[in-house]
Amino acid sequence: MADDFIKADDGKVRAELLPPRAILAIARVLTFGAKKYAPENWRKCGDPTRYTGAALRHVLAYMGGEQRDAESGEHHLAHAACCLMFIVDIEGA
C-alpha cells in the first residue's frame, strides 16, 4: 500500500466483521422463505411478536437437541436469527 493512501472510514460500520457462514445460513433461510411464500413476504407482517414467537420456537427446538429445522434443513439458530433481523428491521432500529 502506498504511503500516501488515505481512506476516511473512521466511525463507519465494519461490515467485514460479520461472520460469513452465519450470514450465508441466514441467506439460505431467506431463500427458503422466498420460495415458500414470496420474496420479502415478511415485510407484510407489521406485528413483531409473530417473529418473536417464531424465533423462540426455533431456539427452544435447538435447546431441545434439534439442530436443524425439519422443513428447510437449515440450522434452527439461523431461522431464529432471521426472525430477530425481521424484528430489528420492523422496529427501525
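Everything numeric in this text was worked out from a predicted model, so none of it was measured. (Residues numbered from 1 in each chain as written. Predicted model: local features only at pLDDT ≥ 70, side-chain atom pairs only at ≥ 80, totals over all residues. Heavy atoms only, no water.)

**Digging into helix H3 (residues 76-90)**
Logical step 1: Between its terminal C-alpha atoms H3 stretches 21 Å, which fits the 21 Å expected from 15 residues at 1.5 Å a residue.
Logical step 2: Those residues of H3 that sit buried are His76, Ala78, His79, Ala80, Cys82, Cys83, Phe86 and Ile87.
Logical step 3: Buried residues belonging to H3 abut helix H1 (20-36) and helix H2 (48-63).
Logical step 4: Among the residues trailing H3, Gly92 stands out with phi positive, at a value near 70 degrees. (Helix = DSSP H or I, 4+ residues; strand = E, 2+ residues; numbered from the N terminus. Expected span 1.5 Å × (residues − 1). Buried < 20%, exposed > 50% of the residue type's maximum accessible area, 1.4 Å probe, protein only. Contact = heavy atoms within 4.5 Å.)

**Observations concerning the state of the cysteines**
Logical step 1: Taken as a whole and judged by the stated rule, the model has zero disulfides.
Logical step 2: Between Cys45, a free cysteine, and Cys83, which holds the nearest cysteine sulfur, the sulfur-to-sulfur gap is 10 Å.
Logical step 3: Given the relative accessible area of 17%, Cys45 is considered buried.
Logical step 4: Looking at the unpaired Cys83, the closest cysteine sulfur is the one in Cys82, lying at 6.0 Å. (Disulfide = S-S within 2.5 Å.)

**Quick look at the packing of H2 against H3**
Logical step 1: Between H2 and H3, whose axes approach to 8 Å, the crossing angle comes to 160 degrees. Relative to H3, H2 is oriented roughly antiparallel. You can see that H2 and H3 cross each other, and the crossing is left-handed. Along the contact surface, H2 presents Pro48, Tyr51, Thr52, Ala54, Ala55, His58, Val59, Ala61 and Tyr62, while H3 presents His76, Leu77, His79, Ala80, Cys83, Leu84, Phe86, Ile87 and Ile90. (Axes fitted to C-alpha atoms, helices over the stretch in contact; angles between N-to-C directions. Parallel < 35°, antiparallel > 145°, perpendicular 65-115°, else oblique. Left-handed = near helix turned anticlockwise from the far one by under 90°.)

**Let's talk about the packing of aromatic side chains**
Logical step 1: Applying the stated criterion to the full structure yields two aromatic pairs.
Logical step 2: Measuring from centroid to centroid gives 4.2 Å for Trp42 and Phe86, while their planes differ by 10 degrees, and the two rings are stacked. On the criterion of sequence distance, the pair formed by Trp42 in the loop between H1 and H2 and Phe86 in helix H3 is long-range, its members being 44 residues apart.
Logical step 3: The buried category is assigned to Phe86, whose relative accessible area is 12%.
Logical step 4: Linked through ring pairs, Trp42, Tyr51 and Phe86 together constitute an aromatic cluster. (Phe/Tyr/Trp six-rings, centres within 6.5 Å; stacked < 30°, edge-to-face > 60°.)

**A short note on the environment of Ala27**
Logical step 1: If you trace the backbone, Ala27 turns up in helix H1.
Logical step 2: Residue Ala27 is classed as partly exposed on the basis of its relative accessible area of 32%.
Logical step 3: For the pair formed by Ala27 and Ala78, sequence separation is 51 residues and the distance between their alpha carbons is 8.7 Å.

**What about the pattern of salt bridges?**
Logical step 1: Applying the stated criterion across every chain, the model contains five salt bridges.
Logical step 2: Between Glu40 and Arg43 there is a salt bridge, and its shortest N-O distance comes to 2.5 Å.
Logical step 3: According to the relative accessible area criterion, Arg43 is partly exposed, its value standing at 47%.
Logical step 4: Each of Glu40, Arg43 and Asp89 takes part in one network of salt bridges that share partners. (Salt bridge = Lys/Arg side-chain N within 4 Å of Asp/Glu carboxyl O.)

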